[in-house]
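So you can see what is in the structure, the chains are spelled out below.
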Amino acid sequence: SQKIEQNSEALNIQEGKTATLTCNYTNYSPAYLQWYRQDPGRGPVFLLLIRENEKEKRKERLKVTFDTTLKQSLFHITASQPADSATYLCALDPTMFSGGYNKLIFGAGTRLAVHP
Amino acid sequence: EPEVTQTPSHQVTQMGQEVILRCVPISNHLYFYWYRQILGQKVEFLVSFYNNEISEKSEIFDDQFSVERPDGSNFTLKIRSTKLEDSAMYFCASKGTSYEQYFGPGTRLTVT
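Calculation rules
Residues numbered from 1 in each chain as written. Chains lettered and ligands numbered in written order. Predicted model: local features only at pLDDT ≥ 70, side-chain atom pairs only at ≥ 80, totals over all residues. Heavy atoms only, no water. Phe/Tyr/Trp six-rings, centres within 6.5 Å; stacked < 30°, edge-to-face > 60°. Helix = DSSP H or I, 4+ residues; strand = E, 2+ residues; numbered from the N terminus. Buried < 20%, exposed > 50% of the residue type's maximum accessible area, 1.4 Å probe, protein only. Lys NZ or Arg CZ within 6 Å of the ring centre and 35° of its normal. Contact = heavy atoms within 4.5 Å. Buried area = accessible area lost by both parts, 1.4 Å probe. Salt bridge = Lys/Arg side-chain N within 4 Å of Asp/Glu carboxyl O. Polar contact = N/O pair within 3.5 Å; in protein donor to acceptor, adjacent residues only side chain to side chain. Pairing = 2+ DSSP bridges. Axes fitted to C-alpha atoms, helices over the stretch in contact; angles between N-to-C directions. Core = buried A, V, L, I, M, F, W, Y, C linked by side-chain atoms within 4.5 Å.

## Quick look at the packing of aromatic side chains
Residue and element names in this part refer to chain B.
For step 1, the next point in the chain: Inspection of every chain in the model, using the stated rule, returns 17 aromatic pairs over all chains.
For step 2, the next point in the chain: Measuring from centroid to centroid gives 5.5 Å for F32 and F75, while their planes differ by 40°, and the two rings are tilted. Of the two residues, F32 sits in strand 4 (residues 31-37) while F75 sits in strand 8 (residues 75-79), which places them 43 residues apart along the sequence. With respect to class, F32 is no different from F75; both count as buried.
For step 3, the next point in the chain: Of note, K95 hangs over the ring of Y31, and the distance from its end group to the ring centre comes to 4.2 Å.

## Brief notes about the interface of chain B and chain A
For step 1, the next point in the chain: Contact residues are listed per partner, giving 21 residues for chain B and 22 residues for chain A.
For step 2, the next point in the chain: Here chain B and chain A share an interface that buries about 1,800 Å² over both sides, 60% of which is from carbon and sulfur atoms.
For step 3, the next point in the chain: Between the two partners, chain B and chain A, sit one salt bridge.
For step 4, the next point in the chain: We note a salt bridge from E56(B) to K103(A), for which the minimum N-O separation is 2.6 Å.
For step 5, the next point in the chain: Taken together, the links from chain B to chain A amount to five residue pairs in polar contact (both at pLDDT 80 or more).
For step 6, the next point in the chain: Elements that contribute at least two residues to the side of chain B that touches chain A include exactly strand 4, strand 5 (43-50), strand 6 (53-57) and strand 9 (88-95) of chain B.

## Focus: the pattern of salt bridges
Residue and element names in this part refer to chain A.
For step 1, the next point in the chain: Taken as a whole and judged by the stated rule, the model has nine salt bridges over all chains.
For step 2, the next point in the chain: One salt bridge in this structure joins E5 and K3, with 4.0 Å as the shortest N-O distance.
For step 3, the next point in the chain: Overall, E5 belongs to the partly exposed group, its relative accessible area being 45%.
For step 4, the next point in the chain: Connected through salt bridges with shared partners, the residues E56, R58 and K63 form a single ionic network.

## Some words on the sheet that holds strand 3 (residues 19-24) of chain B
All names here are of chain B.
For step 1, the next point in the chain: What the four strands build is an open sheet, ordered 1-3-8-7; its pairing is antiparallel. Both edges of this open sheet fall to strand 1 (5-7) and strand 7 (65-68), since each of them pairs with a single strand only. When strand polarity is set aside, the average angle formed by the axes of neighbouring strands in this sheet is 20°.
For step 2, the next point in the chain: One ladder, built from four bridges, connects strand 7 with strand 8; its direction is antiparallel. When the bridges of strand 8 are listed, E68 appears paired with T76.

## Quick notes on the nonpolar core
For step 1, the next point in the chain: Core analysis: the biggest nonpolar cluster contains 23 residues, and L33(A), W35(A), F75(A) and Y88(A) have the highest contact counts within it.
For step 2, the next point in the chain: Of all elements in the fold, only strand 3 (19-26), strand 4 (32-38), strand 5 (45-51), strand 7 (62-67), strand 8 (72-77), strand 9 (86-92) and strand 11 (110-115) of chain A reach the threshold of two or more residues within this core.
For step 3, the next point in the chain: Among residues more than four places away in sequence, those in contact with F75(A) are A19(A), T20(A), L21(A), W35(A), L47(A), L62(A), K63(A), V64(A) and Y88(A).
For step 4, the next point in the chain: Residues V4(B), W34(B), F49(B) and L109(B) belong to the second largest nonpolar core, which totals 21 residues.

Below, the structure is given as structure tokens:
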């Protein structure tokens, strides 16, 4: 069956450290993968997209990698701050091709807590 | 910055009643979606809408659900006869020509 799994339900780290979150998927061949941030009671907010032919993507303190052989994406937040505390969701479009209507299938999310 | 808006923020209804959840997507977007999130669970796809028709729907989106874009700006989700298990956050999202989706703040639906 098709699955998206995020490595842990919760991750606690100290301010200034790097947070690393994992997303694994099975029985999908996504053309790209996305990461979203969700704060309690709010809608997901888009952070980064990485395509299957890209190994790494960066945006400010965020970095995403995508390994289609391992079927895994890693999401890193460097120099983490308490304001980074939120749930981070990985999402993919389960269609084989990058066209189409692009519904998203989400992982359950990892709740990150950054402590001062 | 343009954003997706949703009303109401919280709707309480009795089982068996009809509810309409409203969304105003970002104005130049062409693809529209509804997702739901039951408390403590994943965000789940319900339906996608493009060119004034449903392009895809999930197994959750049964005959009790319908969507409409009545006037070129609003996008609505109707649940005809609500059940207790319909209690969830409902998120509207829209998408332009790139792949990322923009989500609204959600409507919390409580069915009693």
